[in-house]
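Structural description and commentary
Letter by letter, the chains look like this.
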Amino acid sequence: MKKLIKLTVNDREVEAAVEPNLTLTDFLRYELNLTGTKKGCETGDCGACTVILDGIPVNSCLVLAVQANGRKVETIEGLATEEGLHPVQDAFVEHGAIQCGFCSPGMIMSAKHLLDKNPKPDEGEIRAAIAGNLCRCTGYQKIIDAIKSV
Amino acid sequence: MLLPKFDFHEPTSVDEACEILATFGPKAKVLAGGTDLMVNLKKKILAPENLVCLSRIDSLHGIVEEKDQIVIGGRYTVAELTVDPLVEKKLGALRSGARALGSPLVRNRATIAGNIGSARPAADLPPSLIAYGATVILVSSQGKREVPLGDFFKGPGFTELRPEEVLTEVRVPVPTAGQAPATSTWACARPRIATWSMWPPILPWTRRTGPSKPHGLSWGRWARHPCGPAGPKRHWLVRSRTRRSFSRPEKRPARTASPLMTSGAQPAIARPWWGF
Ligand SMILES: Cc1cc2nc3c(=O)[nH]c(=O)nc-3n(C[C@H](O)[C@H](O)[C@H](O)COP(=O)(O)OP(=O)(O)OC[C@H]3O[C@@H](n4cnc5c(N)ncnc54)[C@H](O)[C@@H]3O)c2cc1C
Ligand code: FES
Ligand code: FES
């Protein structure tokens, strides 16, 4: 039986009736068309689906949409403003920290959360913060350089 | 990967959760952080008809020191254990286990009760908790019972936990002066099965018995070495008299315990690859 949920996604109030077995990733992608959040492994390993739930980065593939009821979700689409890209996004572009781009939304969400808490992280802190986000293309160094430069 | 169909329940108290679990029995499963259960649902290993989510039960979330015990709520997350000042000060080995668990994203959701409840042989928190002598509180509508964690595991995926019970608290005795818990993670490979590897964490609990020396204290007259994936049935616990004394117990336990571990583990494990 569908359940009614009400949540805030990127500062916008959203209300929807969802099946209990719908994941938060699928809810964002298929119900709200927020396809920036990627589906990689779907089992918590790759971090492509990272979103910030009530201020904490999580694998949205392991969260049910019904569990987000009453909570606040931030996705990659919420970062840019009318003035332009978020500084972390700009840094990724400038440093070439993107190749295929599949990991980038998740990686950027983890990086943004780190920088919100700790504006001047050292390399160890950066590596630890993105340890749950796998990238198959860049070799990580450019991603680390990008995050350092913000 | 599709999830099977289920009904979703979100109780706001332990009593309410117990009532729901009593109604559905084995057709229901408790959902905490979901980092283990959701994967099992997706892989079709489990297909409960009801999920009972604990995330709105505030009383299960927290940590307090009560006399000589630290009481950790079932919903306390692994990420919280890694930064909690009480854990850092008094339960360093538990903190090490928590820091080794998964990725930051997993730790942000994973709970202590879920790590125990999953009964994965490789789970990172139980070895240190067993060494501390922790107990778990299991609550159902029939009442409450306290089970030593050392007796809780029955085999991979199997525990003392009945389908109608909620693990509400983990009670950890605070180490007393002279007890030096430490945790160590090994990677061992078995030469004949090249791809087989395991990470048995061990935690010796040593009591200082000899006279103090400036740097090399005489440690390790007896030790408890619970370890993770070193046996099919449960976390393996050895009480051993160790002959060797070592000056930095946090650095040296693996070496001392190695012969015991490798001979007692089932199936027998080969010597760690770097070979002590
Ligand atoms: C990518 C990835 C990496 C991982 N790496 C590690 C690792 O390195 N080390 C490790 O130990 N684990 C690891 N795990 C497994 C998992 O994250 C942990 O076991 C975690 O602690 C499970 O907690 P949870 O709250 O998510 O449990 P859930 O998935 O919600 O539940 C797990 C089990 O416990 C039961 N349960 C949960 N809470 C209660 C309760 N209060 N009362 C009764 N039953 C309960 C559930 O019914 C279920 O059977 C990993 C998982 C993923 C996805
Ligand atoms: S898709 Fe969620 S972690 Fe890989
Ligand atoms: S840029 Fe391709 S996976 Fe990271």
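For clarity, every value in this text was computed on a predicted model and none was experimentally measured.

The next thing to look at is the overall build of chain B. Looking only at helices and strands, chain B features 10 helices and 16 strands. Across chain B, every contact between residues at least 6 apart in sequence was considered, and the portion connecting residues at least 24 apart equals 58%. For chain B, the accessible area works out to roughly 13100 Å², and carbon and sulfur atoms hold 51% of it.

Another aspect to go through is the site of ligand 1. Close to ligand 1 lie 32 residues, the nearest being V30, T35, L37, T111 and D124 of chain B. Neighbouring residues of ligand 1 are not confined to one chain but are distributed across chains A and B. Residue K29 of chain B places a side-chain N or O atom 3.4 Å away from an oxygen atom belonging to ligand 1. Interatomic distance of 2.6 Å between a side-chain N/O atom of T111 of chain B and an oxygen atom of ligand 1.

Before going further, it helps to spend a moment on the sheet that holds strand β10 (residues 166-173) of chain B. All names here are of chain B. Pairing is antiparallel across the open sheet formed by 5 strands, whose spatial order is β4-β5-β10-β6-β7. Two strands bound the open sheet, and with one partner strand each, they are β4 (63-66) and β7 (143-148). Going across the sheet, the axis of each strand differs from the next one's by a mean of 25 degrees, ignoring polarity. Pairing of strand β6 (residues 135-140) with β10, which is carried by 5 bridges, proceeds in the antiparallel orientation. From the neighbouring strand, V139 faces β10, where its bridge partner is V166. Contacts from helix α1 (residues 14-24) reach β6 and β10 within the one sheet, and its direction differs from that of β10 by about 125 degrees.

At the junction of the two partners, chain B supplies 27 residues and chain A supplies 30 residues. Interface of chain B and chain A: buried area, both sides summed, is about 2200 Å²; carbon and sulfur atoms make up 56% of it. In terms of surface lost to chain A, no three residues of chain B exceed F8, L105 and R109 of chain B, which account for 30% of the buried area on that side. Remark: the boundary between chain B and chain A carries 0 salt bridges. Seen at the junction of chain B and chain A, the total is 8 residue pairs in polar contact (both at pLDDT 80 or more). Elements that contribute at least two residues to the side of chain B that touches chain A include exactly β1 (7-9), α2 (37-42), β3 (50-53) and α6 (104-109) of chain B.

This part takes up the domain arrangement of chain A. Residues and elements named next belong to chain A. Each domain of chain A was delimited in the assignment, giving domain 1 (3-78) and domain 2 (87-149). Summarising the inter-unit geometry, the C-alpha centres of domain 1 and domain 2 are found 21 Å apart. Counting from both sides, the interface comprises 16 residues of domain 1 and, opposite them, 12 residues of domain 2. Here domain 1 and domain 2 share 1 salt bridge between them. Between K112 and E74 there is a salt bridge; the shortest N-O distance is 3.2 Å. Remark: the boundary between domain 1 and domain 2 carries 6 residue pairs in polar contact (both at pLDDT 80 or more). Counting only elements with at least two residues in the side of domain 1 that touches domain 2, the list comes to β3 (50-53) and β4 (56-59). Across the side of domain 1 that touches domain 2, the residue classes tally to 6 nonpolar, 6 polar and 4 charged.

As for its position among the elements, L53 of chain A is in strand β3. By relative accessible area, which is 7% here, L53 of chain A ends up buried. Through-space distance from the C-alpha of L53 of chain A to that of V9 of chain A is 9.5 Å; in sequence the pair is 44 residues apart. Beyond its immediate stretch of four places on either side in the chain, L53 of chain A contacts V58, V63, A68, R71, K72 and V73 of chain A together with R109 of chain B.

A word on helix α2 (residues 87-94) of chain A. Residues and elements named next belong to chain A. Along α2, the positions that sit buried rather than exposed are V88, Q89, A91 and F92. All buried residues of α2 lie within an arc of 160 degrees about the axis, which places them on one face of the element. More than 90 degrees from the buried face of α2, the exposed residues found are V93 and E94. Considering only its buried residues, α2 is in contact with α3 (104-117) and α5 (141-149). G96 occupies a position one or two residues after α2 and carries a positive phi of about 60 degrees.

Turning our attention to the domain arrangement of chain B. All names here are of chain B. If you check the domain split of chain B, you get domain 1 (7-53), domain 2 (58-173) and domain 3 (186-264). Taken over C-alpha atoms, the centre of domain 1 sits 18 Å from the centre of domain 2. Each partner contributes residues to the interface: domain 1 has 12 residues there, and domain 2 has 16 residues. Roughly 1100 Å² is buried in total at the junction of domain 1 and domain 2, and carbon and sulfur atoms are behind 67% of that figure. Counting across the interface, domain 1 meets domain 2 through 1 salt bridge. Note that D36 and R120 form a salt bridge whose closest N and O atoms lie 2.8 Å from each other. Between the two partners, domain 1 and domain 2, sit 1 residue pair in polar contact (both at pLDDT 80 or more). Take the side of domain 1 that touches domain 2: its biggest share by element is 5 residues, from α1. Residues that form the side of domain 1 that touches domain 2 fall into these classes: 8 nonpolar, 3 polar and 1 charged.

Reading guide: rules and limits
Residues numbered from 1 in each chain as written. Chains lettered and ligands numbered in written order. Predicted model: local features only at pLDDT ≥ 70, side-chain atom pairs only at ≥ 80, totals over all residues. Heavy atoms only, no water. Helix = DSSP H or I, 4+ residues; strand = E, 2+ residues; numbered from the N terminus. Contact = heavy atoms within 4.5 Å. Areas by Shrake-Rupley, 256 points an atom, 1.4 Å probe, with all protein chains shown as cover. Near = heavy atom within 4 Å. Polar contact = N/O pair within 3.5 Å; in protein donor to acceptor, adjacent residues only side chain to side chain. Pairing = 2+ DSSP bridges. Axes fitted to C-alpha atoms, helices over the stretch in contact; angles between N-to-C directions. Buried area = accessible area lost by both parts, 1.4 Å probe. Salt bridge = Lys/Arg side-chain N within 4 Å of Asp/Glu carboxyl O. Domains from an automatic or database assignment. Nonpolar A, V, L, I, M, F, W, Y, C, P; charged D, E, K, R; others polar. Buried < 20%, exposed > 50% of the residue type's maximum accessible area, 1.4 Å probe, protein only. Arc of directions from axis to C-beta.

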